[in-house]
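# A look at the structure
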Amino acid sequence: MSRSILNKCLIAIVCIISSACTGMRYLPEGDKLYTGAKVEVESQDELKNRETKAIRKMAKDAVRPKPNKTFMGMRPRIWMYEKAGEDPKGKIKKWLKKNGEPAVLLSNVKPGLTSEIIDAKLFNIGVFKSRTDYDIIGNKQTAKVIYTSRIHEPYFIKEILYSISDDSLSRRILEVKEKSHIKPGKDYKLERLKNERTRIDAALKDRGYFNFNPDYLLFKADTSGLNHTVSLNLTLKDSLPEGALTVYRIHNVFVDQNYSLDADPAEKKTDTIRFDNIIFLGQESDMNIRPNVISRSVYLRKNEIYSRKNHSITLSRLMSMGNFKFIQVKFADSDTTAPGFLNVTILMTPMQKHTFRAEIEMVSKSNNFMGPRMNLSVLDRNTFRGAELLDFSMTGSFEAQLNSKIKNSYSYSWNPRVELSLPLFLFPFLVKGKSNIYVPKTRFLLSYNYLKRVDYFDMQTFEFLFGYKWKHNVRTEFEINPVHISYSSLFNETDKFKELLESNYYLRKSYEEQFISGGSLSFTYNDQMIPGKKIQNFFLGTAEIGGNVLSLAGIIAGNRISSDNPATIAGSVYSQYAKLSLDGRAYYKFTSKHKLALRVFTGIGIPYGNSSTLPYIKQFFSGGPNSIRAFQINSLGPGSYQQDTGQTGFLQLGGDIKLETNVEYRFTIYRFLKAALFADAGNVWLSKSNSSEKGSPFELAGFADDLAVGAGVGLRIDVSFFILRFDLAAPLRKPWLDHGHRWVGNQMSFGDPAWRKENLVLNVAIGYPF
């Protein structure tokens, strides 16, 4: 039990045992305990319900102070706080003081001042002529304050006029007028005016007004109009500092890529190199990264008008290279005779060239194997002086299948890999980067994986990947891998494994086709990082193709391509397929502690040409902690087929088509302890063209009859950097049962051990399911 939960239990025990825990006997003579306030709103105008709620909430938020918290009608924290003052010994005093709170007295309340604050808050939302009075109501020991605000209909904006005395500045502001936050007909709100000033300032900063400030803009309001309307007039302050209205240009750009925070400011580097109108400080032999690489990410250029957007792009792109600890961009007035020029100095503190990392973790895989894994990696920065990142890693693992009826159900593997990441688009085409805050990446990956399934087989896999990754903005990301090749071979196959394959044609074909050559494209949209959004969205779409180039080469060579007589490369049948998957999620945030999460996943894979089935690693599976949690991992389908996972172990059957939906209501119990109520539905199917007789194939008219449905409750330990999840679920619908008997919710019997053993599934996993 955590310390915080124990504290709450102790508080409750103290309250029940002690009749003095109300804390009333500690009140000073002549004073009363403040128990809170009530806000009432009165108006002679006919207000909309939405307006009344907004005004009442604004007034309530202005009320201070907050009263003492209560527990079962008592205020034990007052008693605890005062008891601590009676000088108990050691830890008891410390605990009482920490968990107690002083009494909030009526003498601490300033209702007159609070009334003025309420009126000021209401003024900011267009209630310009409110009047708030108060009454104190109480008995011998307690008192509360009732605030009554007499209000009118809030003012709304009639028009906005622009009276900017500087012609050049006026033209720039009118250029961005269409994007204004202030529109005729909208309610008057002070916050909206502040946001508009900030918006105009940002637009001016991108047009060279380096020294401008939002405070230089003033809104003058005229409320003399009829029907509670206000006319706004945007003007400049009467006196502005020198340079506020000057459009600045960049003069010289200096770059120091070996800057140290401990360097003596008096020591200046005299050696310089000029490249692309950028002055690099120091000798070229001492520069870790070539000047042409740095220049690609510097968007502040000589003689160009200053732009804060280009300032931000420069800073972000240089940091995203992954080679620098800190980057500072400093501006100073140039010593040129003409005014309005800035010198830019970019100070870059490099990271260590090599980083060694060792990780030991417990992993749980989709095939129900769990065990320890160790990863050792060495990251080499700036390998070829082009800000590259070269990562060497070695991973080893030992895994055992939990709750398995099969003897020796364990495996081990080791996986060396090398990955090179370049901060640009590389051949076969070199794309000049646009004004984007994110640096594109080109990736090369080469890996080898050895897997030993004890009592079944050994497998080795070689993989090569070449691709690109880039972001359009903070929400969207693209990844394209034009070359993705993997080659797997089985050896040391046991008779047990061969018997399993012989008994299942579909599984045998899946393991035969082990050479995959293709490419993929993915698009991700994610706005969960944007603060203040009530509804957040996530979408991931992925498309893959494989084997087309090899088939085309075979056709050109005069070969006949057919799954009945498949072609081979290096003695192995290659796969030919197309695959598409769509994953959409929505999160509705009721409050900071309550959220509704929805997910819909759909996917389809089509083998053709040289293949009759999808490669096993490309098939879809259903069931498990990140899928339908009322069923064991990968145990559902295809269609109405019932898998015997106790006999096949890790060789579960997949499908060509997948449909799945999940809904989860998440709420906080206490700080890091969170819970959820959830329901899942879905399955996988084989396509009609698949020759396997396992389960029913997918049919649009009847797929709903093959859906599996489950529901349950979850408990999550969420400490931000680590989330441990426990989800307990039971099936509501089993697609393999006879028609008319597939809904099994009425058969639930939590008191029956046999039912619990057969139906309850406890999923233990790391992270949220979606």
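What you are looking at is a predicted structure, and each value in this text was computed from that prediction instead of being measured.

### A closer look at the nonpolar core
Counting 23 residues, the largest nonpolar core has Leu169, Ile173, Phe212, Leu232 and Leu234 as its most contacted members. Looking at this core, the elements with two or more residues in it are β4 (156-162), α6 (167-175), α7 (190-205), β5 (217-222) and β6 (229-236). With 4 residues, the top contributor of residues to this core is β6. Not counting the four nearest positions on each side in its chain, Leu232 is found in contact with Ile157, Glu159, Ile160, Leu161, Ile182, Tyr188, Leu193, Phe219, Lys220 and Ala221. Residues Val253, Phe324, Ile346 and Ala387 belong to the second largest nonpolar core, which totals 21 residues.

### Points about the side chain of Ser447
In this structure, Ser447 sits in strand β16 (residues 441-453). In this structure Ser447 comes out as buried when scored by relative accessible area, which is 11%.

### Digging into the side chain of Ser130
As for its position among the elements, Ser130 is in the loop between α5 (111-123) and β2 (131-138). Taking relative accessible area as the criterion, Ser130 reaches 15% and is therefore assigned buried. Here the side chain of Ser130 touches Asp119 through a polar contact of 3.0 Å, side chain to side chain. With near-sequence residues (within four places) excluded, Ser130 lies in contact with Asp119, Leu122, Arg150, Ile151 and His152.

### A look at the packing of aromatic side chains
For the coordinates displayed, the defined rule picks out 30 aromatic pairs. When the ring of Trp470 is compared with that of Phe478, the centres are 5.5 Å apart and the planes differ by 15 degrees; the resulting orientation is stacked. Under the relative-accessibility criterion, Trp470 is labelled partly exposed at 27%. By way of ring pairs, the aromatic residues Phe425, Phe444, Phe466, Tyr468, Trp470, Phe478, Phe523 and Phe539 are connected into one cluster. Positioned above the aromatic ring of Phe601, the side-chain terminus of Lys658 is 5.0 Å from the ring centre.

### Thoughts on the pattern of salt bridges
Under the defined criterion, the tally for this structure stands at 36 salt bridges. The salt bridge partner of Asp380 is Lys353, with a shortest N-O separation of 3.5 Å. On the criterion of sequence distance, the pair formed by Asp380 in strand β13 (residues 369-381) and Lys353 in the loop between β11 (341-350) and β12 (354-364) is long-range, its members being 27 residues apart. A relative accessible area of 41% means that Lys353 is categorised as partly exposed. For the salt bridge of Arg443 with Glu419, the shortest nitrogen-to-oxygen distance reads 2.9 Å. A residue pair is termed long-range when its members are at least 10 positions apart, and Arg443 in strand β16 and Glu419 in strand β15 (residues 410-422) qualify at 24 residues. Overall, the relative accessible area of 15% leaves Arg443 in the buried class. Here the residues in one salt-bridge network are Arg629, Glu664, Arg666, Asp680, Arg716, Arg725 and Asp727, joined through shared partners.

### Focus: the sheet that holds strand β1 (residues 33-43)
The strand order β1-β3-β2 describes an open sheet built from 3 strands, whose pairing is mixed. Looking at strand neighbours, the two that pair on one side only are β1 and β2, the edges of this open sheet. Taking each pair of neighbouring strands and ignoring which way they run, the sheet shows an average axis angle of 20 degrees. Summarising the sheet, β1 and strand β3 (residues 142-151) pair through 9 bridges and their orientation is parallel. Within β3, the residue paired with Ser43 across the bridge is Ile151.

### Comments concerning the sheet that holds β11
If you walk across this open sheet you meet the 5 strands as β8-β9-β7-β11-β10, and the pairing is mixed. For this open sheet the edge positions go to β8 (272-275) and β10 (324-333), each flanked by a neighbour on one side alone. Across the sheet, the mean angle from the axis of one strand to that of its neighbour is 25 degrees, orientation sign disregarded. Note that strand β7 (residues 249-256) and β11 share 6 bridges and pair parallel. Its bridge partner being in β11, Val253 is matched across the sheet by Val344. Across the sheet, helix α9 (residues 308-319) touches β10 and β11, and the angle it forms with β10 is around 155 degrees.

Reading guide: rules and limits
- Residues numbered from 1 in each chain as written.
- Predicted model: local features only at pLDDT ≥ 70, side-chain atom pairs only at ≥ 80, totals over all residues.
- Heavy atoms only, no water.
- Core = buried A, V, L, I, M, F, W, Y, C linked by side-chain atoms within 4.5 Å.
- Buried < 20%, exposed > 50% of the residue type's maximum accessible area, 1.4 Å probe, protein only.
- Helix = DSSP H or I, 4+ residues; strand = E, 2+ residues; numbered from the N terminus.
- Contact = heavy atoms within 4.5 Å.
- Polar contact = N/O pair within 3.5 Å; in protein donor to acceptor, adjacent residues only side chain to side chain.
- Phe/Tyr/Trp six-rings, centres within 6.5 Å; stacked < 30°, edge-to-face > 60°.
- Lys NZ or Arg CZ within 6 Å of the ring centre and 35° of its normal.
- Salt bridge = Lys/Arg side-chain N within 4 Å of Asp/Glu carboxyl O.
- Pairing = 2+ DSSP bridges.
- Axes fitted to C-alpha atoms, helices over the stretch in contact; angles between N-to-C directions.

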